[in-house]
Amino acid sequence: MDIQLLSEYLEYIEVEKGLSENTIEAYRRDLSAFIDYCRDKGVNDFSDVGRNSLNSFILNLRENNINPRSVVRKIASLRGFFKWLCANSYINQNPAQLIEQPKLPKRLPKVMTLEEIKEIFHSDLNPTETIIVELLYDCGLRVSELVDLTLNNIDMKSKYIQCYGKGSKERVVPFGSKAKAAFERYFKTRDLIILNNNLSGVKKLLLKDNGKEISRQDVYVFIRKLGEKINKHISPHTLRHTFATHLLENGADLRVVQELLGHSDVATTQLYTHITKKRLKEVYFAINNES
């Protein structure tokens, strides 16, 4: 199998579709694993891949107890790749066209209570940690959007953040007076970091004390440690889920929340309405059990 075609496809989804580095790497792993599987089975050309090869590969994943969500993603990777191969006349027929995408039960995102959020904000956070929590919870940013922010993305006068979500889709997110105060404190800290490390021309917003950029992994580790303070396993996305849920619980319009989150489909945002209904029932039965 011509590995060059895989490289061309990955370049296509990066340049033409604007997919993130993490998504492209996931596609690379998925498709490389499929190519290795085909070679082991004696299939050495993409034009020789049929539905049987694809179904056999998927069955092999399930027999090896691969997470169902991972299987769904791998099928999506294969469908996209073979669609591209066919569209560019590298193969005559698309064997992945009729492969069904298994439906997964929708999982309700884990969210935090208002008391838990208050407990985190009242813990001993430094200015850098505070602005991270503010941007994840008060603005609902994805962790990738957070670490990619530059100084030019922040409009302190109008109190807006410009960020780029999935597929490099641009959106503008407002922030409140608490976040503005957190920004002002952090900028003083950031100026000291720049000075202490003899840096110049650094545009990334979030910096560590040593002057290096804060990474996704840094944020994940920090948020996990925050969760330990309230005895709860949380991730950066938990704060984003909580942002959306708290907005809806306080009467925000679903379409507004969709816009703030950068969801292309309102059905994705609608998942949060199930959370608020679930919580309403929990509160109702808790009250009635006490009476």
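Thoughts on the sheet that holds strand S3 (residues 170–174)
Spatial strand order, S1-S2-S3: three strands in an open sheet with antiparallel pairing. The open sheet has two edge strands, strand S1 (154–155) and S3, and neither has a second partner. Sheet analysis places strand S2 (residues 160–164) next to S3, joined by five bridges and oriented antiparallel. When the bridges of S3 are listed, Ile161 appears paired with Val173.

Description of the packing of helix H1 (residues 3–15) against helix H2 (residues 21–40)
Running from N to C, H1 and H2 point in directions that differ by 160°, and their axes come no closer than 11 Å. Considering their axes alone, H1 and H2 lie roughly antiparallel with respect to each other. Considering only the axes of H1 and H2, their crossing is right-handed. Every residue of H2 that contacts H1 at Ile3, Leu6, Tyr9, Leu10, Ile13 and Glu14 is listed here: Ile24, Tyr27, Arg28, Leu31, Ser32, Ile35 and Arg39. By residue class, the composition of the contact of H1 with H2 is nine nonpolar, one polar and three charged.

What to know about the pairing of S2
Side chains Ile161 and Cys163 of S2 all project onto a buried face; the interleaved residues Tyr160, Gln162 and Tyr164 project onto a face where none is buried. Taken together, the two bridges between S1 and S2 define a ladder with antiparallel strand orientation. Across the sheet, residue Asp155 finds its bridge partner in S2, namely Tyr160. Between the antiparallel neighbours S1 and S2 lie four residues, among them Lys159 with a positive phi of about 60°.

Thoughts on the nonpolar core
Counting 46 residues, the largest nonpolar core has Leu135 and Val219 as its most contacted members. Within the residue set of this core, elements represented by two or more residues are helix H5 (114–121), helix H6 (127–138), helix H7 (143–148), S2, helix H8 (177–196), helix H9 (216–229), helix H10 (236–249) and helix H11 (254–261). Setting aside residues up to four positions removed in sequence, Leu135 forms contacts with Gly140, Leu141, Leu146, Leu149, Ile161, Phe183 and Leu205. The next biggest cluster of nonpolar side chains, apart from the first, holds 29 residues, and it includes Leu6, Ile24, Val71 and Trp84.

Considerations on unusual backbone geometry
With phi around 55°, Asn65 is a residue other than glycine that occupies positive phi space. Within the fold, Asn65 resides in the loop between helix H3 (51–63) and helix H4 (68–87). We note that Lys159 has phi near 60°; this positive angle belongs to a residue other than glycine. In this structure Lys159 comes out as partly exposed when scored by relative accessible area, which is 28%.

As for H2
In an α-helix, one turn spans 3.6 residues; hence positions three or four apart end up facing the same way. With 20 residues, H2 should reach 28 Å at 1.5 Å per residue; the first-to-last C-alpha distance of 29 Å fits that figure. Every buried residue of H2 is listed here: Ile24, Ala26, Tyr27, Asp30, Leu31, Phe34, Ile35, Tyr37 and Cys38. Down the axis of H2, the smallest arc covering the buried residues is 165°, so these residues share one side. More than 90 degrees from the buried face of H2, the exposed residues found are Glu21 and Asp40. Following H2 by one or two positions, Gly42 adopts a phi angle in the positive range, close to 85°.

Some words on the environment of Glu8
Mapped onto the fold, Glu8 is located in helix H1. Residue Glu8 is classed as partly exposed on the basis of its relative accessible area of 28%. Apart from the residues within four sequence positions on either side, Glu8 is in contact with Trp84 and Tyr90. Among the polar contacts listed, one links the side chain of Glu8 to the side chain of Tyr90, at a separation of 3.1 Å.

Conventions adopted
- Residues numbered from 1 in each chain as written.
- Predicted model: local features only at pLDDT ≥ 70, side-chain atom pairs only at ≥ 80, totals over all residues.
- Heavy atoms only, no water.
- Pairing = 2+ DSSP bridges.
- Helix = DSSP H or I, 4+ residues; strand = E, 2+ residues; numbered from the N terminus.
- Axes fitted to C-alpha atoms, helices over the stretch in contact; angles between N-to-C directions.
- Parallel < 35°, antiparallel > 145°, perpendicular 65-115°, else oblique.
- Left-handed = near helix turned anticlockwise from the far one by under 90°.
- Contact = heavy atoms within 4.5 Å.
- Nonpolar A, V, L, I, M, F, W, Y, C, P; charged D, E, K, R; others polar.
- Buried < 20%, exposed > 50% of the residue type's maximum accessible area, 1.4 Å probe, protein only.
- Core = buried A, V, L, I, M, F, W, Y, C linked by side-chain atoms within 4.5 Å.
- Expected span 1.5 Å × (residues − 1).
- Arc of directions from axis to C-beta.
- Polar contact = N/O pair within 3.5 Å; in protein donor to acceptor, adjacent residues only side chain to side chain.

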